[in-house]
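Listed below, chain by chain, are the residues.
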Amino acid sequence: MSQKSNLKVRLSILNFIEFAVWGAYLTSLGNFLARVGLVAEIGWFYAIQGIVSLIMPSLVGIIADRWIQAQRMLSLCHLLAGVFMVLAGFYCMSADQIEFTPLFVLYAISVAFFMPTIGLNNSVAFNALTKAGMDTVKDFPPIRIFGTIGFICAMLFVNFAGPEGAAFQTSYMQLFVSGGFSFLMVFYALTMPKCPVSTAPVTGNWVDRLGLRAFALFKQKKMAVFFLFSMMLGVSLQITNGYANPYITFFADIPDFAGAWAARNANALISLSQISETLCILLIPFCLKRFGIKGVMLMSMFAWFLRFGLFGVGNPADGVWMFVLSCIVYGIAFDFFNVSGGLYVDKETSSDIRSSAQGLFMIMTNGFGATIGTLAAMAIRNHYVIETDPVDVQLHGWRVFWMICAAYALVVGILFWIVFHDKKSEDNVSGEEIRSVESTDGAGMTSLDGIE
């Protein structure tokens, strides 16, 4: 195996473990919380991911840029995240009645250290690929696929593991699974190629001294608009993670759908979303080359519209095809925004602020965006879906909830189409500036001319 192939395998394993940590609970936690009487508080458990992302990714990114190598910081963050996730599991296992506050505090601390690892994972991978003389735009997406595969494997494991009626997707065992993957990452991250830290003397004003120069990107109109719409699109990120599983499982309480396979295996059905990701990631280099960042982001926004709308009209029996189609378009909705956005930020920033800039992207998307979106979704869901109402009334409330989410995504997409302008992207769409579609050795796409 060549040195470059070996690096790809190592980075693929890194991404597999990174996202398995998240996949163990992200889509199934809402189901567990609903089973233990905390359905009205589901939104807080997903909003906290956004709240901590306002500070932690940027802070950790600054530390990784200036003081602690990114791969070591990745290891440390997973150690702390794993410890507190396991403690949350032990609390649930020992408590006669699970209370919101102690569970939420332990979970929140774990999430606070996990969220920065997503940006760190990107920084470690981009650094390793660049040092090896490889093209991040061409070589990273196939590596990132294994992150999605890790997410899927963890989802399916918690769906089918455990005795009948007590699968991990409805119990605290999913917390232990997540913690176990974090502990594995503690050791594996340290085997990654060393990442540089800035050794230049820190001079200038307090912004430079704190390593906050990435925020200067807001002075560029194009980047300011990009980050603003990243935040607006980030509103959609956690809604289906928090509410799709409880919604699909809810159909099991309706006599006409009680026997439907999908209603009893919501996590397995939702895993189709991540399977779609693995295919859509492969489209990113071509789509970015052909349509530019604007075109790709628009595809993502309108895919979110379909994601929510299809949930609103489908059911797990004769309408299960709508749920399946919703899961298929999720690959475009998530990847074309999240992965392409990270690549765009990487291309638009210099090496000395790259980790900080990735942290800033996380702040706008998983920070402000996801926090606002999850809390708003919780308020809308709790307003329209009342557990004491008859099931047909609750179902109507659920459908209204999904339609409101779909309408929001559609409006954001239209506004982005009107407001965001990137000359290089538009040149690419016209076809006049598409260059280097194939490399000199025939290996396929090399540089991303449209966003360089």
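Section: the state of the cysteines
In total, this model carries 0 disulfides according to the counting rule given. Of the cysteine sulfurs around Cys287, a residue in no disulfide, the closest is that of Cys280, at 8.7 Å. Classification of Cys287 by relative accessible area gives buried; the value is 7%.

Side note on the pattern of salt bridges
Across all of its chains, the model carries 2 salt bridges by this definition. The salt bridge partner of Asp139 is Lys8, with a shortest N-O separation of 3.5 Å. Pair noted here: Asp139 is in helix α7 (residues 136-160) and Lys8 is in helix α1 (residues 3-23), with a separation of 131 residues, a long-range link. Assessed through its relative accessible area of 8%, Asp139 is described here as buried.

Digging into the environment of Gly341
Relative to the assigned elements, Gly341 resides in helix α15 (residues 320-348). Taking C-alpha positions, Gly341 is 8.2 Å from Met297, a pair spaced 44 residues apart along the chain. Beyond its immediate stretch of four places on either side in the chain, Gly341 contacts Phe226 and Phe361.

A short note on the side chain of Thr249
With respect to the secondary-structure elements, Thr249 resides in helix α11 (residues 239-250). Judged by relative accessible area, Thr249 falls into the buried class, the value being 12%.

Side note on the packing of helix α6 (residues 100-131) against α7
Where α6 contacts α7, the two axes come as close as 10 Å, and the packing angle between them is 130 degrees. Comparing their axes, α7 and α6 come out oblique. In the packing of α6 onto α7, the handedness of the crossing is right-handed. Here Asn122, Ala125, Phe126, Leu129 and Thr130 of α6 come into contact with α7, specifically with Thr136, Asp139, Phe140 and Ile143.

Focus: a nonpolar patch on the surface
Taken together, the side chains of Leu76, Leu79, Val83, Leu87, Phe90, Met93 and Phe183 make up a nonpolar region of the molecular surface, amounting to roughly 560 Å² of accessible area. Among the elements that take part in the nonpolar patch, helix α5 (residues 70-94) stands out by supplying 6 residues, more than any other. Its place among the elements puts Phe183 in helix α8 (residues 173-188). Since its relative accessible area comes to 31%, Phe183 is described here as partly exposed.

Topic: the side chain of Glu18
Looking at where Glu18 falls in the secondary structure, it is placed in helix α1. One buried charged residue, Glu18, remains without a salt bridge, the closest side chain of opposite sign being Arg144 at 9.0 Å. Of the polar contacts made by the side chain of Glu18, one reaches the side chain of His78; its length is 2.8 Å.

Here we look at α6
In an α-helix there are 3.6 residues to a turn, and that puts residues three or four apart on one side. The end-to-end C-alpha separation of α6 is 46 Å, in line with the 46 Å expected for 32 residues at 1.5 Å each. With respect to burial, α6 is a largely interior element, 24 of its 32 residues being buried. Looking one or two residues beyond α6, the residue adopting positive phi is Gly133, at roughly 75 degrees.

Quick look at helix α14 (residues 284-313)
Taking 1.5 Å as the rise per residue, α14 with 30 residues should run 44 Å; its terminal C-alpha atoms sit only 29 Å apart, a clear shortfall. Helix geometry: α14 is bent most strongly at Gly292, by close to 115 degrees. Along α14, 22 of the 30 residues are buried, which leaves the element largely enclosed by surrounding structure.

What to know about the packing of aromatic side chains
Using the criterion set out here, one finds 31 aromatic pairs in the structure. Ring centres 5.0 Å apart and planes at 20 degrees place the aromatic pair Phe100 and Phe104 in the stacked group. In this pair, Phe100 and Phe104 are both assigned in helix α6, 4 residues apart and thus about one turn of the helix distant. Classification of Phe100 by relative accessible area gives partly exposed; the value is 24%.

About the criteria used
- Residues numbered from 1 in each chain as written.
- Predicted model: local features only at pLDDT ≥ 70, side-chain atom pairs only at ≥ 80, totals over all residues.
- Heavy atoms only, no water.
- Disulfide = S-S within 2.5 Å.
- Buried < 20%, exposed > 50% of the residue type's maximum accessible area, 1.4 Å probe, protein only.
- Salt bridge = Lys/Arg side-chain N within 4 Å of Asp/Glu carboxyl O.
- Helix = DSSP H or I, 4+ residues; strand = E, 2+ residues; numbered from the N terminus.
- Contact = heavy atoms within 4.5 Å.
- Axes fitted to C-alpha atoms, helices over the stretch in contact; angles between N-to-C directions.
- Parallel < 35°, antiparallel > 145°, perpendicular 65-115°, else oblique.
- Left-handed = near helix turned anticlockwise from the far one by under 90°.
- Patch = residues over 30% accessible without salt bridge, like charges linked within 9 Å, V, L, I, M, F, W, Y side chains within 5 Å.
- Areas by Shrake-Rupley, 256 points an atom, 1.4 Å probe, with all protein chains shown as cover.
- Lys, Arg positive; Asp, Glu negative; His and termini not counted.
- Polar contact = N/O pair within 3.5 Å; in protein donor to acceptor, adjacent residues only side chain to side chain.
- Expected span 1.5 Å × (residues − 1).
- Bend = angle between axes of the 7 residues up to and from the residue.
- Phe/Tyr/Trp six-rings, centres within 6.5 Å; stacked < 30°, edge-to-face > 60°.

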